[in-house]
Each structure stands twice: as C-alpha cells, then as structure tokens.
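Take a look at the letters that make up each chain.
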Amino acid sequence: MYHRMSVSPFSSSSSPVLSPEDVQVFGCDTWPLHYACRVGNLEHVQFLVDVRKYSVNQMDSHNASPLYLAALCGHNDICRFLLERGAKCDPIGDAARVFYVALTPELRNLLREWSLTAASRDPWLESMRMTFQTGVHSDCRATIAGAEIKLHRVILQMRCPKLLKYVRSVLDSDLNELHLPLEHAKDKVMLDILEYLYTGVFEARDIETALSAVDLANCYELEELQRKLQNIVAKYDCKNVFRCEVNFAMKLKDDMRRLAGLVSKPHAEVESLSALAQLVDFADTTLQCHGSTWSLHKFRLNGSEYFERALSGGFREAQASMLDLSYMVESSEILTFVIQWMYCDEFLEMPSVEAAIDIIDIGYMLICPRLSAYVANSVLISVVVADNAMDLISLAREHDMEKLEERCVEEIAANMEFFADDEVLFSLLHDEAKDIKQGGDERVIDVPLAAEIRRAIKNRFADMDDERDANLAALQLLMDKITGKLAVDMAMASYDRKR
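Let me begin by describing the structure that accompanies this report. (Residues numbered from 1 in each chain as written. Predicted model: local features only at pLDDT ≥ 70, side-chain atom pairs only at ≥ 80, totals over all residues. Heavy atoms only, no water.)

1. Some details on the overall build of the protein chain
The condition is simple: In this description a helix means any DSSP run of H or I spanning at least four residues, a strand means any run of E spanning at least two, and both kinds are numbered starting from the N terminus. The classification of residues rests on relative accessible area computed with a 1.4 Å probe and restricted to protein chains. Under 20% of the type maximum is buried, over 50% is exposed, and intermediate values are partly exposed. It only takes one pair of heavy atoms within 4.5 Å for two residues to be counted as in contact. Values of accessible area rely on a 1.4 Å probe in the Shrake-Rupley scheme; residue burial ignores everything except the protein chains shown.
The helix and strand inventory of the protein chain stands at 26 helices and 10 strands. Every one of the 499 residues in the protein chain was classed for burial, and the buried ones make up 46%. For the protein chain, long-range pairs separated by at least 24 residues make up 64% of all intrachain contacts whose partners lie at least 6 apart in sequence. Carbon and sulfur atoms provide 51% of the accessible area of the protein chain, an area that totals close to 25,500 Å².

Below is the structure:
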C-alpha cells in the first residue's frame, strides 16, 4: 500500500534532507521509508514503520525494497529491524538479491539466518527459546555441569512438576535454588532436558546422549519424551550415524494453554484459595483493571514493548511491580484476552467482533503489533460480510493490515452493486483519486483501491459474464461520480485562488 506525504516525514531539524535527485531516484510514492533506509536513520525507519504504518515490503519505482537499500548501504541495525517487522527474506522472494549487495560478513550472516529459518520460525516458540537462553525475569537457578542456569518455577510447575520437589528457597536471595541429585547436576544432558521444557524440542547427536536422556526423562516423569526416545533407540542399527530430534512443540503449547487459562482469570474468579496462593507465589507482577486483579509473570509479558518498559520501572504507572491499566482498557474482559495471547499466542475462546476491534487498538497501545495482526487474521477475516466490510476495511487501512483489507475487498467486489452508493467507499476512493490528481496523474480510474476491487471482481466472476459486467459497471459508475466531484472541487479551488 502506497503512502504519500506532502511534507517531510522527519521531525528533527538534524534529519537528512531529501534532495530533488533523491525524489527522482526513489519515487514520490514511497521515498520516506526507502530514503531513511538508504541514509541509515534507524529512528526514522522505526517511526515510519511503527507509527506511520509504512509497509516494510513496499517496492519503489526501481523495484527496490527497504531491506535491499539498507543492505546495499550496510546498515545492519536497520536490516535487523526490518526483518523483525516482517520484511521478506526467503528463497522465493528477493533474498539472493539482498544477500548479493550485503557489504559485511555480519550482515550476510544475519540475512542467511533469516532466509534459512523464516519459513519455519514461530515467533512464540522463538520467544520461549530466548527465555531459556537469557534467563530473563527468572526466579530459580540451578548449576548443571558447572554452568549456572536460570529458570522459572511456573514453567517447572506446568511442564515437569516433579522438578519442583527439588526447588529450595535461599535466604537473602530473590532466586530459589534447584538442588538436583549430584549425578544429574553433573550430566550435560540435563541442560538439554531443561531446554526441552521451554522449547518442546530435544536433539541428540549420539546414542549415549539419547540413552542418558531416556533415564532422565523416566526419573522426572516426562513420559512422552521417554517413550519417543526409547522407540528411536530401539530402531537404531549401529551401522549409521545416530542423530535424532524429538519435537513436542504442540505439547508445550498445550501446557502453556493450561497456564494461560489459570492466570487469565482475575483473582475473584479463581476457584480455591490454595490455587490463588500458588498463582501469587509464582508470579512476579500484578495487573489491575477496573477493580480486577491478575498475578502474572514478567517473562511472558515482554512480548509487549510497553509492558517490558513499564515493568522494568520505565513508567510512573508501574509501582512495586503493579500496573493499573484501567485508563487504557475499557473492560477486564478485554485484558483477559490479552493475557491469554501473551502466554500461549492465541485466545482460548473467540472474542466478539466488537471485542476484537478493541483488542486491536489495545495491541497498538501496548506496542505489540503481533497481537493486533493475530486478531485481524484469526478473528476478523472470518467474519467479514457485506454489512461490516466498510468498517473493517477502514480499520485494516488505518493499521496496514493487508490480509484483512484483501478479504474486505473480496467482499466489496462480490457485492459491488450493493456498495455503489456507500458513502464510506466513496470517501476512500475519492481521497485516493484526489491524491493522484493533485500529483498530476490524470488516470483517476487507476486509484489503488479501485484497481484492487476491479481485479477482485474479475476473479470472483471469472465464469459469470453477466454478474462480472454488472459489478464492473457499478464500480465504473462510482468512479465517474468521483471524477465529476474532483472536477468540481478543482474548479472551485481555481475560482477561490483567482479571487
């Protein structure tokens, strides 16, 4: 989707100035983001993408993406930011072209990593893996094979309750201690077992590791892992190199869904005092909203940049690890959905359309665009009908939700005769046509939204000539009205200038 600006997008007087040559080279439609990527201004790239909602995959008139220009000019930090925001870098796309112009080994390694793993990377699983690797907001530690590992008791509770029996509190320390039997604490395979609790994946590169893992899984009652490894070991014939990977990511997701169901209930709705006491004991932060209270875990809330900053003491609203969101969230029900998503990357039940729209707005306030995108793609796309298509396409265009917009366009195309007199559609098309007219392009009929609707009509009614022609005629009639309105507007503006 093209974004036009009649003034400089840069608010600082020290920002790079766009020259006429730059406008000519990079195109008037998309130059702000492309230019910021070219000159290496990360702050402005972040502003244009996160605030102004520029598409990170938009090509300019020379078929150059923002990622291509950032790589060409050697701006590693901008490349990483664009990739994190969804810039395409896959074998089917232009990864090879971007990789070719990358200037440094560090940048090429970054692009190679994203190119090889973009198709399979799950952001939620990635966040769980990083939680284990960094030990962020941990409340427990263990020494395994001489290395200190930081853990989270709530993960042990949900994934391997038997390990909790070995957790001991430590005087004058915020961290509890996981005291394992000595032979287990010395075994490096125990590290892999603990990582499995966070990632759902266990990998063994030799038969000895697999056999040790079988014993540890049996000891700590990890039955699925034990059975799977036993089956793999039993089939090994010693003639081939041993290597196995066990993936129980779905079991991890199920366990985190159970946790989401527990923590997303306000205190007043928890069934028993013992359950509430355990929730409070394992939690390290509290959210409040319109009289309801939740005990939660910081390591699952750091998917929101707002929560991450607020709960690290960055905002005055957060006092003593307590954050009141009453000013931001209209109802406690909305916050319940947000908490569920933070823990398991999905809702445990589908919200209403009205609630979904509220959650999208909250997602952007929490600086968590993945939450808003999830709602749009998993909830709203499936409920688009003629009666709400215009409301939802306006929402999609406001937040740059391309898939939701495409679905709304399909619905409009299927019912163009119904929408021919719709004021919202007239306004959207008129505004785009006006921008093109003011830019000197006389082909008003080719405004982007009109072109999308026209293409969708032809696809929808490919084998139905009468329906296709009727809907195309309705669209053309609407565009003729817009052309006439623009002509009148321009005549009036010319008359006012002469006065």
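What follows continues from the structure just given.
2. A short note on the packing of helix 18 (residues 332-344) against helix 19 (residues 353-365)
Selection rule: Note on geometry: axes are C-alpha line fits, over the in-contact stretch for helices, and angles between N-to-C directions span 0 to 180 degrees. Angle categories: roughly parallel below 35 degrees, roughly antiparallel above 145, roughly perpendicular from 65 to 115, and oblique for all the rest. What makes a crossing left-handed is the near helix being turned counterclockwise from the far one by less than a right angle; a clockwise turn instead makes it right-handed.
Remark: helix 18 packs on helix 19, axes separated minimally by 10 Å, with the N-to-C direction vectors making an angle of 65 degrees. With respect to helix 19, the element helix 18 is oriented roughly perpendicular. Between helix 18 and helix 19 lies a crossing of right-handed hand. Touching I334, F337 and V338 of helix 18 are A355, D358, I359 and I362, all from helix 19.

3. Digging into the packing of aromatic side chains
To be explicit about the condition: To pair, rings of Phe, Tyr and Trp, with the six-membered ring standing in for Trp, must have centres within 6.5 Å; the planes then decide the type, stacked if under 30 degrees apart, edge-to-face if over 60, and tilted in the middle. A ring is considered to have a charge above it if a Lys NZ or an Arg CZ atom is located within 6 Å of its centre and within 35 degrees of its normal.
In this structure the tally under the stated criterion is seven aromatic pairs. Between the aromatic rings of Y306 and F307, the centroid separation amounts to 6.0 Å while the plane-to-plane angle is 65 degrees, which identifies the pairing as edge-to-face. Three or more aromatic residues joined by ring pairs make a cluster, and in this case those are F337, F347 and Y374. The lysine or arginine in question, R159, covers the ring of Y196, its NZ or CZ lying 5.3 Å from the ring centre. Positioned above the aromatic ring of F461, the side-chain terminus of R460 is 6.0 Å from the ring centre.

4. Some details on unusual backbone geometry
For E221, which is not glycine, the phi torsion reads 60 degrees and is therefore positive. When you line up the elements, E221 lands in the loop between helix 12 (207-219) and helix 13 (223-235).

5. Description of helix 3 (residues 42-51)
Selection rule: Of all possible arcs, the one meant is that of the directions from the helix axis to the C-beta atoms.
Of the positions making up helix 3, those classed as buried are H44, V45, L48 and V49. Looking down the long axis of helix 3, one finds its buried residues gathered within 125 degrees of arc, a one-sided arrangement. Relative to its buried face, helix 3 has exposed residues pointing more than 90 degrees away, namely E43 and V51. A positive phi of about 65 degrees marks K53, the residue just after helix 3.

6. Observations concerning the side chain of Q157
Spelled out, the test is: For the purposes of these results, a polar contact is taken to be a pair of N or O atoms within 3.5 Å, where, inside protein, one atom must be able to donate a hydrogen and its partner to accept one; residues adjacent in sequence count only when each atom of the pair is a side-chain atom.
As for its placement among the helices and strands, Q157 is situated in helix 9 (residues 153-159). A polar atom in the side chain of Q157 sits 2.8 Å from the side chain of Q278. When near neighbours in sequence (up to four residues on either side) are disregarded, Q157 contacts L164, Q278 and F282.

7. Some points on the nonpolar core
Proteins that are soluble and globular tend to have nonpolar side chains buried together. Put simply, the rule is: Each nonpolar core is a collection of buried residues, namely Ala, Val, Leu, Ile, Met, Phe, Trp, Tyr and Cys, held together in the definition by side-chain atoms within 4.5 Å.
Counting 122 residues, the largest nonpolar core has L197, F202, F307, M416, L425 and I453 as the members making the most contacts within it. Considering every element that reaches this core, the biggest residue donor is helix 18, with nine residues. The contacts of F202, once residues within four sequence positions are left out, are V189, D192, I193, Y196, T209, A213, L225, L229, C244, E245 and V246. One finds A36, C37, V49 and V56 within the second-largest nonpolar core, a separate group that totals 26 residues.

8. Structural notes on the pairing of strand 7 (residues 285-289)
Keep this limit in mind: Paired strands, in this sense, are two strands between which DSSP finds at least two bridges.
Within strand 7, four of the five residues are buried, which leaves it mostly tucked inside the rest of the structure. Where strand 7 and strand 8 (residues 292-296) come together, five bridges link them in antiparallel fashion. Bridge pairing in strand 8 links C289 to S292. The antiparallel hairpin formed by strand 7 and strand 8 contains two residues in its connecting segment, where H290 sits at a positive phi of about 50 degrees.

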